[in-house]
Amino acid sequence: MIRVVLPPHLRTLAHVSGEVQVEVPGEVTQRHVLDAVEARFPMLVGTMRDRGTGRRRALVRFFACEEDLSNESPDAALPDRVARGEEPFLVVGAMAGG
Amino acid sequence: MSGVRLLVGTRKGLFVLTSDAARKDWKVDGPHFGGWEIYHANGSPVDPNRIYVSQSGGWFGQLIQRSDDGGATWQQVDHDFTYAGEVGDHLWYDGTPRPWEFKRIWHLEPSRTELDVVYAGAEDAALFKSTDGGQKWVELTGLRTHTSAPKWQPGAGGMCLHTIILDPVNPERIFVAISAAGAFRSDDGGVTWQPINRGLNSGGIPDPDAEVGHCVHRIAQHPSRPDTLFMQKHWDVMRSDDAGDNWREISGDLPTDFGFPIAVHAHEPETIYVVPITSDSLHYVMDGKLRVYRSRTGGEQWEPLTVGLPQEHCYVNVLRDAMAVDTLDECGIYFGTSAGQVYGSADSGDTWQALVSDLPPICSVEAQVLP
């Protein structure tokens, strides 16, 4: 299972607290993890990625293992520790605004 | 009548204010959807317990919430506002073409007669319709693909469709207004549209009386006179008595005719309200005084309403969707400010009281009379 930490607003929308865990079939990539999160929590469709283009929303960041993976290819493999469930994949609201 | 409910959309959440029919003591509930921008919340005329909310933010985009119990509980409904078909270009601020890009929903307008029918006005300007209570949205493409659309340009707040009026007599007639394209009317339920901007004169565009390009801020209508429309434009307060075919200026003796909201008294179709602000570069009320101006003559002659409103050191604005009236026998009128105050009058504007004072900046106010 892949561990995912959602930002507070998205946890509220998804009616969850704390981490969520999702099953990711195939290679553990950003795209597949987000697909799995959206499949389990359809209310989050469009909140992390643009619904039409699939691109990351401008003020959303993806972190894991103390690395900013936001600008990596969505089809690149995530770190092994994320794939093994040892570290979470973090969806983060960027520091911006007030 | 048991009371009034106000739906107050703010930069940081939705607040719900309720009172009995006396409208003296108000209960404040909220924030709902704390931290999110609530551009608009609006209830169904068919059932006031059906409420739709536009919930958006720069981080996570646009959502729509719906309540079927007057705001006690909420359910997230569909928020897919994908433009249908080919996405054309409009003009950007610098005059270059720019593709339509969805940003948010500014206004939600539930049907007067069908509980599950609701319209949504978008930025970039487009009109969407749902016939199932928001579970699915479909764009009425005739507006965005109008032949004039490549010449539409955003106002400072974005290219937003902010006003939707569903004609109370002719079910096929819809009015909308877009900043900064102007006003449009459909007489076939939203399939085709025509600009209705004849008589508008806007100094900020190259051709002041162009067919489109006007920064219309708000349009209001009294249900008993559906062909009479009142408009607060960027500058100028305007009136039409032929469903928008022709407009004439009614700014009259207003101290300034720049402003955003305009409202019509619930029982007096010639009584209208505006909140003038200083200018296009000074978006706050004049001389530090918060004054609502009322005309009982359908325009031209205006009187300042000041009793109960701050008359010194006040530098707030009132946005276009932030003024509403109720339909109790003695008409109530309400507005919210950029500094988070909601003011209300239970006597057609003669006297005012602050209903709540320290909310986040207010985007919208709607009033519901509860059975």
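Above this text is the structure in question.
Fair warning: this is a prediction, and the values are worked out from it, not measured in the lab.

Caption draft 1: Here's a closer look at the sheet that holds strand S6 (residues 61–67) of chain B. All names here are of chain B. In spatial order, the strands read S4-S5-S6-S7; together these four strands make up an open sheet with antiparallel pairing. Only two strands of the sheet have a single partner each, and these edge strands are strand S4 (37–43) and strand S7 (75–77). The sheet shows a mean angle of 30° between the axes of neighbouring strands, taken without regard to direction. Here three bridges tie S6 to S7, and the two strands are oriented antiparallel to one another. Among the inter-strand pairings, Arg66 is bridged to a residue of S7, identified as Gln75.

Caption draft 2: Highlighting unusual backbone geometry. That bond from Gly30 of chain B to Pro31 of chain B is cis: its omega, 5°, falls within 30 degrees of zero. Along the chain, Pro31 of chain B turns up in strand S3 (residues 27–32). Residue Asp124 of chain B is reached from Glu123 of chain B by a cis peptide bond, and omega for that bond is -5°. You can see Asp124 of chain B is positioned in the loop between strand S11 (118–123) and strand S12 (126–130). Phi is positive for Glu66 of chain A, which is not a glycine, with a value near 65°. By the secondary structure assignment, Glu66 of chain A is in the loop between strand S3 (60–64) and strand S4 (67–68).

Caption draft 3: Up close: the interface of chain B and chain A. Every contact between the two is made by 16 residues of chain B and, on the other side, 17 residues of chain A. Buried surface at the junction of chain B and chain A, both sides included, amounts to about 1300 Å², of which 57% is carbon and sulfur. Three residues, Trp59, Phe60 and His79 of chain B, lead the burial of chain B against chain A; their summed loss comes to 54% of the area buried on that side. Viewed at the interface, chain A and chain B are joined by two salt bridges. Remark: the boundary between chain B and chain A carries six residue pairs in polar contact (both at pLDDT 80 or more). Among the elements of the structure, strand S5 (51–57) and S6 of chain B are those that each provide at least two residues to the side of chain B that touches chain A. Of all the elements, S6 of chain B adds the most residues to the side of chain B that touches chain A, at three residues. Per-class residue counts for the side of chain B that touches chain A are four nonpolar, nine polar and three charged.

Caption draft 4: Inspection of the pattern of salt bridges at higher detail. Residues and elements named next belong to chain B. As enumerated under the stated definition, the model contains 32 salt bridges over all chains in all. The partner of Asp241 in a salt bridge is Arg239, and the shortest N-O contact between them spans 3.0 Å. According to the relative accessible area criterion, Asp241 is partly exposed, its value standing at 39%. Overall, the relative accessible area of 7% leaves Arg239 in the buried class.

Reading guide: rules and limits
- Residues numbered from 1 in each chain as written.
- Chains lettered and ligands numbered in written order.
- Predicted model: local features only at pLDDT ≥ 70, side-chain atom pairs only at ≥ 80, totals over all residues.
- Heavy atoms only, no water.
- Pairing = 2+ DSSP bridges.
- Helix = DSSP H or I, 4+ residues; strand = E, 2+ residues; numbered from the N terminus.
- Axes fitted to C-alpha atoms, helices over the stretch in contact; angles between N-to-C directions.
- Contact = heavy atoms within 4.5 Å.
- Buried area = accessible area lost by both parts, 1.4 Å probe.
- Salt bridge = Lys/Arg side-chain N within 4 Å of Asp/Glu carboxyl O.
- Polar contact = N/O pair within 3.5 Å; in protein donor to acceptor, adjacent residues only side chain to side chain.
- Nonpolar A, V, L, I, M, F, W, Y, C, P; charged D, E, K, R; others polar.
- Buried < 20%, exposed > 50% of the residue type's maximum accessible area, 1.4 Å probe, protein only.

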